Amino acid sequence: MNVQTYLTTALILSLGMCGHTAHALTAADLKCEYQVQPLAIDTLHPRLSWVLHSSTRGDEATSIHILVASSLTKLGRGEGDLWNASFKSPRPQIVYEGKLPQSGQACFWKVCVADKRGVVGPWSHPTRWEMGLLSPSDWNAEWINDGKRNPTGDADFYKNDPAPLFRKQFLIRKHVRRARLAITGLGYYEASLNGARIGDQHLGPAWTRYTEKVFYTVYDVTRQLHSGANCLGVTLGNGWYNPLPLRMWGTYNLRLQLPVGRPRFIAHLELEFDDGGHQTVVSDTSWKVTDGPLQFNSIYLGEVYDARRELTGWDRPNYDDAGWRRPARATEPIGTLQCQFQPPIRITHVLQTRAIIEPRPGTYVFDMGRNFAGWVRLKLSVPASTKIVLRYGELLNKDGTLNPMTSVAGQIKGAHKLPDGRMESVGGPGAPNIAWQSDTYIASGKGSETYTPRFTFHGFRYVEVTGYPGHPTSEMLTGLQLNSDVERVGSFTCSNPLLNRIQEMCDNTFLSNIFSVQSDCPHRERFGYGGDVAATSEAFMMNYDMEGFYAKAVEDWKENALPDGMFTDTAPFVGIQYCGVAWAMAHPLLQRQLYQYYGDRRLIEEQYTAASRWLDLVSAQYPSHLIQDGLSDHESLAPTSAPILVTPLYAECADILAQLAHICAIDSQDDPGSRSRFASESVQYDALATHIRDVYRTTYGDPVTGKVGDGTQASQSFALALKMVPEQARPLVLARLIEQIHGPDKDHLSTGIFGTKFLLDSLSRAGRGDLAYTIVTQKSYPGWGNMIENGATTLWEHWQGSDNTYSQNHPMFGSVSQWLYQWVGGIRPAADAVGFDKIEIDPLIMPQLSAANCRYRSVLGEVSCSWRRIGRRLLVDVEIPIGATARLRLPASLNTPILESGATVVERNGVEHVRRQGEFAEIQIESGKYRFEFPGTDPDTSRNVRIPH
């Protein structure tokens, strides 16, 4: 905020006396740029936010006082030498407008707020953020590699190419007060200091279009240093920067689509001493490099690790590196260095072996209990040169042997004959005939040994072990689940165990598919497909804090756009470009959702131009307003042509652009020219949406029968969810949908990735949540229950199971998790919410369930809705955070008495008004905790059909 928003001097002075008044409004959970105490940000005006707590219902902040200081000591004395400001604002987020910080500077801050009575609460606990290296010149470092050249022939990429080890010894003569290491590597890196690994992050940095930007991370390494000689070590892996020339599906060679080169890294270690002096250690050609024991590493095929070649102590001081060589400067062009704001990949769960079988002599298959993505930790003690081969898969064959075929990279299965008669893998020269996932470990024979992969990851449940000279125990293999370490913010359980298992299955799948991009599967492809994102993004956001993850995804789409501005099917772009609008719409859709869930305005300001440019290109291609091509409801059981299903998504995109332009207009109040332009474009895109719907209704709508297009579940659901039919026609369209479900589809779904989301939402919104419940809880084909009945622990790529082609770990049908949270649990943001400040609490209370418990930690704080039956009475507990209001909808008719905490609801504080509508009561409530009690319908004799709203 600017100085015009400052309060009067009197108010500033009064707020400066933040106290410890009992029951006062307090601020906690302070974050900078949506992160807790980040060690590196590169915006000079970061967003500062917090969560408010009060025991008073309907409380709110009326003013805010914030102090930002250059030291914790100054902050403790109340000296805001960087920023000392007060504001009239109810929202728990402001933009820092103090003194511009310098590279590497630490900024300490705290906040206090005044409640709606003007009573000032206590100061929050102090916290901090630190700046990254803000200018390229601040690095004072060079990108370096091992000096080797990549092969010129494709087949040679499959030969051993040891991962390089780099070391730099340096001397420290004074006591270190503070030490920060800024580092990144392409494709992947692992750093150590004095023999100890730095940090707990893996497979970094996050995958981006490397010619546009490369993320780096800053580590606090103060405690890993000591006086005298120290040593910094770095190991590099290929990752996405030096992939194999695998022909995915026999066609796409990633080396021709991605920026590629020899693995490289850049590092800047800054030491600050007690006397105020500084010392830097940076990457340059004075380092030493040699080949390490990791002989081969591929993001898809796995690793070969030869423990006999380990160099004990190589990353410690005083190691004899006389035989090592000098590195080379890396010269391939790359983009700018940027602090990584997306959560890093970490080990988030450890799985123990559930069972071991020996389907053939000497072949052992370990069952980890469920499908997941990550690694195994291998522990063994065997003779030197023993070669252990690990192969990974999702399924077993009938004889108990491993079936790896659903997780084979790029469907590379088999060979074809060349013109000269030779046979060649469909994956290209040198590629294996079957590109399965495997790791190979060659033992050193030096006693107890432990191996964990570094620069690959796998999607699997079963691990086949061959080459082990003995009978293994379950302790030999441990599963290590990896994923981008997004914070869990949601939980859902209910009285139906099947729904709980479906939610658990979604959770397993979602976490398997966030490795810096939201992938389609964690093994076969691993690409960031826009369609999968668009279909499931809200399901992800109800489960995890996805602000940083999805903000990065939005940037990916912009940075990977084609030269004319057309968005691609995947981001980063891997050469696949045929899916069209439904996949490209991830870019504008995520912007709107990040605004709705987290209040992210800045991203819209940065990305709006790219989104409008894309939509204008689409509009120019389809002057008839009907989209003629592209993927529509992928994996639907009742295929419907693209115009019928993609055109509604096109109309939705026009709606989104109108909203984004409107937001930009509001935020441009100080610039009349920009405000006028954005307002005009908002009107333009709103008109476009209207034209698209008018043409669609004329072309595909039947006003007599309610049939839309082919009349499939998908076409009817798309039309309802995306407002493609006039209001008066909605009952007919809904009736046609219900007729289709009850009739030919026999109370099962027939939809694909988008239609499934729209089907459940449209039925529930129209008062037929009972029918949505019936569909979701079916145990026969097709459906989630059928997957579980057939042993699934993660979602399948296809409704029909597959033992050869389709992935068993695919998130695109995970929109059911959104339905569980937003309809059964009843928590969802209002359509016009900004940072979850307007909430719909609308639980699906129905006879088939006796209880449900749903919680979501929004950026404003805890939102919960839990209900249960006690005899013939219903208890509904609700919590709304400060800064938000909610509309609660309960199945209580006009004559049904409703109590809140023992008193008549209209008498209670925090209840703004109650409105009865048919069989339901709508109650507007302020922040706070509530318990509603009222007579419920007899679950044994009544069917709860909800009234449309």
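Residues numbered from 1 in each chain as written. Predicted model: local features only at pLDDT ≥ 70, side-chain atom pairs only at ≥ 80, totals over all residues. Heavy atoms only, no water.

Visitor: Before we go on, may I ask you to explain unusual backbone geometry in this structure?
Guide: Cis geometry is found at the peptide bond from Leu-186 to Gly-187, where omega equals -10°. The topology assignment puts Gly-187 in the loop between strand E10 (176–186) and strand E11 (188–193). Cis geometry is adopted by the peptide bond preceding Pro-205, which originates at Gly-204 and carries an omega value of 5°. Mapping Pro-205 onto the fold places it in the loop between strand E12 (196–197) and strand E13 (213–220). Even without a glycine there, the phi angle at Gln-37 is positive, about 45°. Positionally, Gln-37 belongs in the loop between strand E1 (26–32) and strand E2 (47–53). Although it is not a glycine, His-625 adopts a positive phi angle of roughly 75°. Of note, His-625 is situated in the loop between helix H9 (602–621) and helix H10 (642–666). (Helix = DSSP H or I, 4+ residues; strand = E, 2+ residues; numbered from the N terminus.)

Visitor: Explain the pairing of E2 to me, please; I cannot follow it from the model alone.
Guide: Within E2, 6 of the 7 residues are buried, leaving the element largely enclosed by the surrounding structure. Relative to E2, E1 runs antiparallel, the two sharing 5 bridges. Across the sheet, Cys-32 pairs through a bridge with Leu-48, a residue of E2. Here 3 bridges tie E2 to strand E5 (residues 93–95), and the two strands are oriented antiparallel to one another. By the bridge assignment for E5, Leu-48 is matched with Ile-94. (Buried < 20%, exposed > 50% of the residue type's maximum accessible area, 1.4 Å probe, protein only. Pairing = 2+ DSSP bridges.)

Visitor: What exactly am I supposed to notice about the confidence of the model for the protein here?
Guide: Regions with low pLDDT carry predicted coordinates that are not meant to be interpreted in detail. Model confidence for the protein is summarised by a mean pLDDT of 94, while 96% of its residues fall at 70 or above. Across residues 1–17 the pLDDT falls below 50, and counting only partners more than four positions away or on other chains, this stretch makes 32 contacts in the model. Residue range residues 939–949 is modelled with pLDDT below 50. Its contacts to residues more than four positions away, or to other chains, number 40 contacts. (pLDDT = per-residue confidence, 0-100. Contact = heavy atoms within 4.5 Å.)

Visitor: Sorry, what's going on with the sheet that holds E11 here?
Guide: Note on sheets: strands pair through backbone hydrogen bonds, and any given pair is parallel or antiparallel. With antiparallel pairing, 5 strands are arranged side by side in an open sheet as E12-E11-E14-E9-E19. Looking at strand neighbours, the two that pair on one side only are E12 and strand E19 (288–291), the edges of this open sheet. Where E11 lies against strand E14 (residues 228–237), 6 bridges are found, and the strand directions are antiparallel. Counted as the bridge partner of Ser-192 is Gly-233 from E14.

Visitor: Help me understand the nonpolar core, please; the structure alone is not making it clear to me.
Guide: In a soluble, globular protein the nonpolar side chains are often hidden away together inside. Trp-784 and Trp-819 are the most contacted members of the largest nonpolar core, which has 228 residues in total. Of the residues forming this core, the biggest block, 17 residues, is contributed by H10. Phe-166, Tyr-189, Val-221 and Leu-271 belong to the second largest nonpolar core, which has 26 residues in total. (Core = buried A, V, L, I, M, F, W, Y, C linked by side-chain atoms within 4.5 Å.)

Visitor: What is the right way to read the pattern of salt bridges from this model?
Guide: Side chains carrying opposite charge are able to pair once their charged atoms draw close together. Tallied over the full model, the rule gives 62 salt bridges. Residues Asp-545 and Lys-31 are paired through a salt bridge, measuring 3.9 Å at the closest nitrogen-oxygen approach. Remark: Lys-31 occurs in strand E1 and Asp-545 occurs in the loop between helix H5 (530–543) and helix H6 (547–559); sequence separation between them is 514 residues. Here Glu-900 and Arg-908 are joined by a salt bridge, their closest N and O atoms 3.0 Å apart. Three or more residues are tied together by salt bridges with common partners; here these are Arg-128, Glu-130, Arg-177, Arg-178, Arg-180, Asp-220 and Glu-272. (Salt bridge = Lys/Arg side-chain N within 4 Å of Asp/Glu carboxyl O.)

Visitor: Teacher, can you tell me more about the state of the cysteines here?
Guide: By definition, a disulfide links the sulfur atoms of two cysteine residues through a covalent bond. Per the stated rule, a full pass over the model turns up 0 disulfides. Free cysteine Cys-32: the closest other cysteine sulfur is in Cys-107, separated by 8.1 Å. Exposure remark for Cys-32: the relative accessible area of 1% places this residue in the buried category. (Disulfide = S-S within 2.5 Å.)

Visitor: I keep staring at the side chain of Asp-761 and nothing clicks. Help me out?
Guide: When you line up the elements, Asp-761 lands in helix H14 (residues 753–765). In this structure Asp-761 comes out as buried when scored by relative accessible area, which is 18%. A polar atom in the side chain of Asp-761 sits 3.2 Å from the side chain of Trp-823. (Polar contact = N/O pair within 3.5 Å; in protein donor to acceptor, adjacent residues only side chain to side chain.)

Visitor: I would appreciate a short explanation of the pairing of strand E38 (residues 838–841) in the present structure.
Guide: Here is the key point about a regular strand: its side chains alternate between the two faces of the sheet. In terms of strand pairing, strand E37 (residues 827–829) meets E38 through 3 bridges, oriented antiparallel. Paired with Ile-827 across the two strands is Ile-841, which belongs to E38. Inspection of the sheet shows E38 paired to strand E42 (residues 885–890) by 4 bridges, in the parallel sense. By the bridge assignment, Ile-841 is partnered in E42 with Leu-888.

Visitor: How do you make sense of H14 when you look at a structure like this?
Guide: Residues lying three or four places apart along an α-helix face the same way, a consequence of the helix completing one turn every 3.6 residues. With 13 residues, H14 extends 19 Å between its outermost C-alpha atoms, agreeing within 8% with the 18 Å of an ideal straight helix rising 1.5 Å per residue. Taking burial as the measure, the 13 residues of H14 include 12 buried ones, the bulk of the element. Inspection of H14 places Ile-753, Phe-754, Gly-755, Thr-756, Lys-757, Phe-758, Leu-759, Leu-760, Asp-761, Ser-762, Leu-763 and Ser-764 among the buried residues, and these make up the whole buried set. Once H14 finishes, Gly-767 follows within two positions and takes phi at roughly 90°, a positive value. (Expected span 1.5 Å × (residues − 1).)

Visitor: Is there a simple way to think about the sheet that holds E37 in this case?
Guide: The mixed open sheet is built from 5 strands, whose spatial order is E37-E38-E42-E46-E45. Among the strands making up the open sheet, the edge pair consists of E37 and strand E45 (911–917). Direction aside, neighbouring strands of the sheet carry axes that sit 20° apart on average. Direction of pairing for E42 relative to strand E46 (residues 920–925): antiparallel, over a ladder of 5 bridges. Bridge pairing in E46 places Arg-887 opposite Gln-924. (Axes fitted to C-alpha atoms, helices over the stretch in contact; angles between N-to-C directions.)

Visitor: It is not clear to me how the environment of Asn-543 should be interpreted in this structure. Could you clarify?
Guide: For Asn-543, the position within the fold is in helix H5. Each C-alpha atom of the pair Asn-543 and Thr-290 lies 44 Å from the other, and the pair is 253 residues apart in sequence. Other than its neighbours up to four places away in sequence, Asn-543 contacts Glu-487, Arg-488, Val-489, Gly-490, Gln-503, Phe-510, Ser-817 and Tyr-821. In terms of polar contacts, Asn-543 uses its side chain to reach the side chain of Ser-817, at 3.0 Å. At a separation of 3.0 Å, a polar atom in the side chain of Asn-543 contacts the side chain of Tyr-821.

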